[in-house]
Amino acid sequence: MSDEQRSMLISAADEFFSKNVEPANALMEKDGISGDLMSRIGSQGFVGLLFPEDIGGSNVDAATYLLMLEEFARFSPSVALLIAVQNSIAYPLLSATVEGKEVLKAIAMGKRTAGIALSVSSMSRESVGNLKLEKGVLTGSKNYILSPSSETIIALTDDKPAAIIATKTGLPVKKYHALGFRGNGVGAATFDNAEHMILMRENGDQKMRQIFDNLDLDVAAIALGIAKGAMQKAMDYSRVRSTFGHLLKDYSPVAFSVSSMLEEVSRLTADLERTVDLDAAARKHFKIRAMDLAVQASRQSIQTHGGYGYLQDFGVEKFYRDSTSLLAIFGEGYSDKRDLADQVYGEKSGFL
Amino acid sequence: MDFDLPEDIVQHRDKVREFALKEFTPEIAREHDLEEKYPDALRKLAFDRGIVDFTSPWKTLVAIEELCRVDPGLGISVTVPYFGAETIMLFGSDLLKEKYLAKVNAGKAMMGLAVTEPGGGSDVAGIKTEAKKVEDKYIINGAKMFITNGSIADFFVMLVRTSKPDNKRHHGLSIFVVDSKSKGFSANKLKGKLGVRATDTAELVLNNVEVPAENMIGEEGKGFYYIMTFFNISRIFVAAQGLGVAQGSLDRTLAILKNRNEGYKGMEEVNFTIADMATRIEASRLLTYKAASFLFQFKPKPELTSMAKAYASESAVFCAEKALELTGLEGITGDLERYFRDAKILEIWEGTSEVEKLVISRFLTKEEKA
Ligand SMILES: Cc1cc2nc3c(=O)[nH]c(=O)nc-3n(C[C@H](O)[C@H](O)[C@H](O)COP(=O)(O)OP(=O)(O)OC[C@H]3O[C@@H](n4cnc5c(N)ncnc54)[C@H](O)[C@@H]3O)c2cc1C
């Protein structure tokens, strides 16, 4: 894709998201991302970004995809994460079968979404859930599912060998009051006798790990979008709010932190295009930096807004909740830092 | 040098902890957080049981710490009905003490302190709400923003402008007791706060509100000085809120980690992070108790109080963030996430961290000049 095409696509996303998604944020935080909103996003071709055209996708290149995710997250981290899951988890797993492709077609149109059961390496298996597949029948539950109200839930079974399954319909769900990504939701679900497709019969755990590794850059892009969204709001506010007879932007502590964080976001965004070609260590490092920056920037944005930052109406507190949740979900158990150490040392390290 | 608190304060701390663990159940905390509902029954209970005892500042300090440790939203809610009382206690007439403060002290009324306006909170001298004297009354017009207890308090201690500033912006300000039942007074509850959602916050609008002249606290024109004196006291209690939030985050993190696999809970990075949290809590506690000790012996050191307020608040945010980093999905879907949302307010209210740093640096440069 040429640079020009890419920037046209990104400005189209910017326009669509600022007009249609940002105004829906308050409701989304309360009730989740609505089916209607997903259909509208799908009709713009923004859902199946990496899907091929024959299943209704937009077939954009990897770098454009990441820049689009960053743009989406600037307005709605929840929507960006949902789209990332469709592209980097659902697509590689479902595209191998005809039945799976039908599901992907519906996903691309925004008529259906896929949720994912998350694994938590630092917790005992029982606390995360115990899903079994025996003689084609599912039993048990998963306790941490992202977007659990989705019509398709993808999960790794706790069998040996572990399989990967996708349900054909939604499941009965117990939703938590989660800190962030309230548009998606996190919840527990029971899979007993659920109709399903088997996406992998064995080595599911390896495949899942590889898929989650591939999600690293998506997470980094979302983190950067959060940091950018939060800092832009801080910059805009500091240009108009006065205290002690001066604009906030004129105070060195305000201007120094806002400008240096925005500059760091720009640097990392520029790197995002190149990151696709980077090795595993560089990608992990990139993700860690982006996630840290998102927390720092969103915390600072609330602070710059003073009391107003603490209220939902100003749209910055959600960035703080989402960035911290991103770190809690995708940086869980210091797994990134351990992987980075392994890769840089070239052998198992940093586990004590 | 003795670092132990006196026995009666230690006993009070234990009593408060027992109360909080029993009454601040996760269900009650969640309900008030989700529904943004003020816990009036708990306020009454805490009062009746002698949990909140404003006759002893040390008891108040440790009570705030222990209550916020179990749940910050509920802890702040039950200790905030007296917010602003020191202004009347220190500068108010006997009449005001009797008419207003006595009811609050008897647990029969709630009050609030109204300084911040839509146009600004840090710049206290920049407030716009005006009071004009007409015969033996003052007529107040203006608006106040983010006022705690705003839609439930019986009265407010309010900072207003009574005359145009001369060459000093902070001149010409006065404080009044304003009854919330006054004609022309209205309060709009603000919903959708990130945290401390059990506390009540409102915008107040004053449209020709009449206040008897006798409701002025202290002397006309000295309001700025009174409010600053008040903040130099009240900030120590925000430091105590910070201690509670930080300690509670650590308590809950340790409880969650107990059930994690050996590889994780034995990892040095995990344990060093816990050690950092504990160290910051202890440093905050020492600073807070030192500042409190000067303050409660009537030898206040405002720069020390501001250091305690800023440091304990930042430590609360630090610990709450680290707690979620360590506990991951379990943390963000359980009771710990409330601490994270509640912690951030501490860096904002009663002087943002930046304002505290202004206070500290001004004292240092003033000392330098002297
Ligand atoms: C839940 C809640 C409850 C509250 N309760 C009360 C209450 O009961 N009574 C009451 O009167 N107020 C109350 N407040 C208001 C609170 O005290 C103010 O929000 C706070 O003082 C900051 O004022 P502001 O929001 O106007 O921010 P601003 O003053 O506009 O400040 C915005 C940002 O600029 C920074 N800043 C300002 N000046 C400088 C400078 N010179 N140098 C560097 N940085 C600077 C600030 O630190 C802040 O980060 C409450 C607020 C909230 C959110």
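Not measured: the values here are computed from a predicted model.

In terms of regular secondary structure, chain A is built from 13 helices and 10 strands. In summary, chain A has a C-alpha radius of gyration of 20 Å against a globular reference of 20 Å for 352 residues, a match within 12%. For the C-alpha atoms alone, the extent of chain A along its principal axes is close to 75 × 50 × 40 Å. The burial tally for chain A puts 59% of its 352 residues in the buried class. Restricting the contact set of chain A to residue pairs at least 6 apart, pairs at least 24 apart contribute 72%. For chain A, the accessible surface area stands at approximately 14,200 Å², while carbon and sulfur atoms represent 51% of it. Placing the 38 positive and 44 negative side-chain charges of chain A at their respective mean positions leaves the two points 3 Å apart.

Further remarks concern the domain arrangement of chain A. Residues and elements named next belong to chain A. Entries for chain A in the domain assignment read domain 1 (3–112), domain 2 (115–202) and domain 3 (215–345). In this complex, domain 1 contributes 20 residues to the contact, which on the side of domain 3 involves 23 residues. Both faces combined, the contact of domain 1 with domain 3 buries some 1,800 Å², and carbon together with sulfur accounts for 67% of it. When the buried surface of domain 1 facing domain 3 is broken down by residue, Leu 66, Glu 70 and Arg 74 rank first, second and third, together holding 34% of it. Run the count over domain 1 and domain 3 and you get four salt bridges. Its salt-bridge partner being Glu 70, residue Lys 228 comes within 3.6 Å of it at the nearest N-O pair. Scanning the region where domain 1 abuts domain 3 turns up seven residue pairs in polar contact (both at pLDDT 80 or more). Those elements that provide at least two residues to the side of domain 1 that touches domain 3 are helix 2 (25–31), helix 4 (62–75) and helix 5 (77–94). Broken down by element, the side of domain 1 that touches domain 3 gets its largest block of residues, 10 residues, from helix 4.

Turning to helix 5 of chain A, a few remarks are in order. Residue and element names in this part refer to chain A. The end-to-end C-alpha distance of helix 5, which contains 18 residues, comes to 24 Å, matching closely the 26 Å that a straight helix rising 1.5 Å per residue would cover. The axis of helix 5 is deflected most strongly, by about 30 degrees, at Gln 86. Extensive coverage of helix 5 is indicated by the burial of 16 of its 18 residues.

Time to look at a negative patch on the surface. Residues and elements named next belong to chain B. On the surface, Glu 7, Asp 8, Asp 14 and Glu 18 cluster together into a patch of negative charge. Locating Glu 7 in the fold gives a position in helix 1 (residues 7–23). A relative accessible area of 54% means that Glu 7 is categorised as exposed.

Attention now moves to the site of the ligand. Near the ligand there are 30 residues, and of these A:Gln303, B:Thr116, B:Gly121, B:Ser122 and B:Thr352 occur at the shortest range. Neighbouring residues of the ligand are not confined to a single chain but are spread across chains A and B. Between B:Val115 and the ligand, the recorded distance is 2.9 Å, taken from a backbone N or O atom to an oxygen atom. Isolated, the ligand exposes 960 Å² of accessible area, and the fraction of that covered by the protein chains is 96%. Breaking the shell around the ligand down by element, the ones donating at least two residues are helix 11 (280–305) of chain A together with strand 1 (111–114), strand 3 (137–148) and helix 13 (353–369) of chain B. A per-element tally of the shell around the ligand places strand 3 of chain B first, with three residues. A class-by-class count of the residues in the shell around the ligand yields 14 nonpolar, 12 polar and four charged.

Every contact between the two is made by 42 residues of chain A and, on the other side, 48 residues of chain B. Here chain A packs against chain B, burying approximately 4,000 Å² in sum over the two surfaces, 64% of which is carbon and sulfur. Joining chain A to chain B, the criterion identifies one salt bridge. A salt bridge links A:Arg299 to B:Glu321; the shortest N-O distance between them is 2.7 Å. Put simply, chain A and chain B have 18 residue pairs in polar contact (both at pLDDT 80 or more) between them. Contributions of two or more residues to the side of chain A that touches chain B are made by strand 9 (242–243), helix 11 and helix 12 (317–330) of chain A. With eight residues, the top contributor of residues to the side of chain A that touches chain B is helix 12 of chain A. Grouping the amino acids of the side of chain A that touches chain B by side-chain chemistry returns 21 nonpolar, 14 polar and seven charged.

What follows covers the packing of helix 4 of chain A against helix 9 (residues 216–240) of chain A. All names here are of chain A. At a minimum axis separation of 7 Å, helix 4 and helix 9 run at an interaxial angle of 40 degrees. In terms of axis orientation, helix 4 runs oblique to helix 9. Taken as a pair, helix 4 and helix 9 cross one another with a handedness that is right-handed. Facing Tyr 65, Leu 66, Leu 69, Glu 70, Ala 73 and Arg 74 of helix 4, the residues of helix 9 in contact are Leu 217, Asp 218, Ala 221, Ile 222, Leu 224, Gly 225, Ile 226, Lys 228, Gly 229 and Gln 232. Counted by class, the contact of helix 4 with helix 9 contains nine nonpolar, three polar and four charged residues.

Quick notes on the rules
Residues numbered from 1 in each chain as written. Chains lettered and ligands numbered in written order. Predicted model: local features only at pLDDT ≥ 70, side-chain atom pairs only at ≥ 80, totals over all residues. Heavy atoms only, no water. Helix = DSSP H or I, 4+ residues; strand = E, 2+ residues; numbered from the N terminus. Rg over C-alpha atoms; globule rule 2.2 N^0.38 Å. Buried < 20%, exposed > 50% of the residue type's maximum accessible area, 1.4 Å probe, protein only. Contact = heavy atoms within 4.5 Å. Areas by Shrake-Rupley, 256 points an atom, 1.4 Å probe, with all protein chains shown as cover. Lys, Arg positive; Asp, Glu negative; His and termini not counted. Charge placed at Lys NZ, Arg CZ, Asp CG, Glu CD. Domains from an automatic or database assignment. Buried area = accessible area lost by both parts, 1.4 Å probe. Salt bridge = Lys/Arg side-chain N within 4 Å of Asp/Glu carboxyl O. Polar contact = N/O pair within 3.5 Å; in protein donor to acceptor, adjacent residues only side chain to side chain. Expected span 1.5 Å × (residues − 1). Bend = angle between axes of the 7 residues up to and from the residue. Patch = residues over 30% accessible without salt bridge, like charges linked within 9 Å, V, L, I, M, F, W, Y side chains within 5 Å. Near = heavy atom within 4 Å. Nonpolar A, V, L, I, M, F, W, Y, C, P; charged D, E, K, R; others polar. Axes fitted to C-alpha atoms, helices over the stretch in contact; angles between N-to-C directions. Parallel < 35°, antiparallel > 145°, perpendicular 65-115°, else oblique. Left-handed = near helix turned anticlockwise from the far one by under 90°.

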